[in-house]
Amino acid sequence: MNVNEPIKINKPKNLGKYILIFVVIVLVLIVLVNCITVIPEGFIGVKYNLGKIRNSSLQPGAHFSLPFIEAIEKVDIREHVYETHQPAYTKDTQTVESIYVKVNYVYATGQIDSLIRTVGVGNVESTLIVPNLNSILKNTIGKYKAEELIQNRSIAQELVEDELREALNPYGVTITAVNLADIDFEDSFEQTIRDKVAAEQEALRVRNETAAKEEEARQKVIGAQAEADSKKLTADAEAYAISVIQAELSKSPEYIELQKIEKWNGEFPTVMGTTVNPFVTLNPWNSADEPAE
């Protein structure tokens, strides 16, 4: 064999055909995979056919769409939260430097197709929530004086929520809650409010102390009156007893003798006599026992 002859490599037959078949299979698999869309829980699917909405209520699961003709868009129907800080002015021209607002909302599933056609799911906050919220919030805050706003924040919050819900419902956006989480006034006004609250608390303390003293004095008067009433009752009872005794004496003179016997302690008196000047025994010793002078 001539070493200078080139070595011939035998190529397998139909290699190009096998490669082509493999490429076609891969492409078919890719197309098939792209034709299947899996919608997770918390989402619904919107199917488009050549750009037009054909179905806007595809439920969670796997869904098939024709390649290059149909497409499926997943829409998050869980609750969304929009947060912002907005300035405002009260009725008495006090400056609210910042109101921290949280808006919770969801898409009405029965109006998804209308929402997509008119606004677009991705434009809900910038197109609907932001301008409506700003207008409603400023109008509502402007109805209250600064101190009234502090005292009635929950009422103002309900008003904002109701008006925003009414404004967005026709578009298929449902407001579930609005929270005026924080209202930040100017520092000078907040200090004035703190001073006023402190003064009111001190006035309340003084009023409570005064009321306590008044109650104590009232209780003393009640006690004194009760004591007087008690003494009067005692006196009335004694007077009644005396009147009964006197009535008995008038009926029976022997009654006084009976009283003497009942009260006698069994001892004889040291004073004896039947005349006006009775003889009183002052010295129990006899005269003979008296000491000599």
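Keep in mind the model is a prediction, meaning the values are calculated, not measured.

*Asks:* Just give me the short version of the overall build of the protein, but keep the residues and values in it.
*Replies:* Within the protein, the regular secondary structure consists of seven helices and ten strands. Across the 293 residues of the protein, 23% fall into the buried class. Summarising the internal contacts of the protein: among those between residues at least 6 apart in sequence, 62% fall at separations of at least 24. Counting every atom, the protein has about 21600 Å² of accessible surface; 57% of that belongs to carbon and sulfur.

*Asks:* An account of the packing of aromatic side chains is needed here, citing residue identities and associated values.
*Replies:* Tallied over the full model, the rule gives one aromatic pair. Centre to centre, the rings of Tyr-105 and Tyr-107 are 6.1 Å apart; their planes meet at 65°, and the pair counts as edge-to-face. Exposure remark for Tyr-105: the relative accessible area of 3% places this residue in the buried category.

*Asks:* Outline the sheet that holds strand β6 (residues 80-89), supporting the account with residue identities and numerical values.
*Replies:* The strand order across the open sheet formed by three strands is β6-β7-β8, and the pairing between neighbours is antiparallel. The outermost strands of the open sheet, each flanked by one partner alone, are β6 and β8 (173-185). Taken pair by pair, the neighbouring strands of this sheet meet at an average axis angle of 20°, ignoring direction. Where β6 and strand β7 (residues 95-107) come together, nine bridges link them in antiparallel fashion.

*Asks:* Could you give me a rundown of the pattern of salt bridges, with the residues and numbers involved?
*Replies:* A full pass over the atoms with the stated rule returns six salt bridges. A salt bridge links Arg-78 to Asp-76; the nearest nitrogen and oxygen atoms lie 3.0 Å apart. With a closest N to O distance of 2.7 Å, Glu-161 and Arg-165 form a salt bridge. In this pair, Glu-161 and Arg-165 are both assigned in helix α5 (residues 153-168), four residues apart and thus about one turn of the helix distant. The network of salt bridges with common partners includes Glu-161, Asp-162 and Arg-165.

*Asks:* Lay out the sheet that holds strand β2 (residues 43-49) in plain terms, naming residues and giving numbers.
*Replies:* The three strands are arranged β3-β2-β5 in an open sheet whose pairing can be described as antiparallel. Taken across any chain shown, the strands that pair with only one partner, and hence form the sheet edges, are β3 (52-58) and β5 (70-76). The sheet shows a mean angle of 25° between the axes of neighbouring strands, direction not considered. Summarising the sheet, β2 and β3 pair through four bridges and their orientation is antiparallel. Counted as the bridge partner of Asn-49 is Lys-52 from β3.

*Asks:* How would you summarise the packing of helix α3 (residues 124-141) against α5 if you had to cite specific residues and measurements?
*Replies:* Interaxial distance between α3 and α5 falls to 10 Å at its minimum, and their mutual angle equals 140°. Helix-helix and strand crossings are classified by hand; for α3 and α5 the assignment is right-handed. The segment α3 lies against α5, with Leu-128, Ile-129, Asn-132, Leu-133, Ile-136, Leu-137 and Thr-140 engaging Ala-156, Leu-159, Val-160, Glu-163, Leu-164, Ala-167 and Leu-168. Looking at the contact of α3 with α5 residue by residue, the class counts come to eleven nonpolar, two polar and one charged.

*Asks:* An account of α5 is needed here, citing residue identities and associated values.
*Replies:* An ideal rise of 1.5 Å per residue puts 22 Å on 16 residues; α5 measures up with 22 Å between its terminal C-alpha atoms. Listed in full, the buried residues belonging to α5 are Ala-156, Val-160, Glu-161, Leu-164 and Leu-168. Projected onto a plane normal to the axis of α5, the buried residues spread over an arc of 135° and lie on a single side.

What counts, and at which threshold
- Residues numbered from 1 in each chain as written.
- Predicted model: local features only at pLDDT ≥ 70, side-chain atom pairs only at ≥ 80, totals over all residues.
- Heavy atoms only, no water.
- Helix = DSSP H or I, 4+ residues; strand = E, 2+ residues; numbered from the N terminus.
- Buried < 20%, exposed > 50% of the residue type's maximum accessible area, 1.4 Å probe, protein only.
- Contact = heavy atoms within 4.5 Å.
- Areas by Shrake-Rupley, 256 points an atom, 1.4 Å probe, with all protein chains shown as cover.
- Phe/Tyr/Trp six-rings, centres within 6.5 Å; stacked < 30°, edge-to-face > 60°.
- Pairing = 2+ DSSP bridges.
- Axes fitted to C-alpha atoms, helices over the stretch in contact; angles between N-to-C directions.
- Salt bridge = Lys/Arg side-chain N within 4 Å of Asp/Glu carboxyl O.
- Left-handed = near helix turned anticlockwise from the far one by under 90°.
- Nonpolar A, V, L, I, M, F, W, Y, C, P; charged D, E, K, R; others polar.
- Expected span 1.5 Å × (residues − 1).
- Arc of directions from axis to C-beta.

In short, geometric facts, not functional conclusions.
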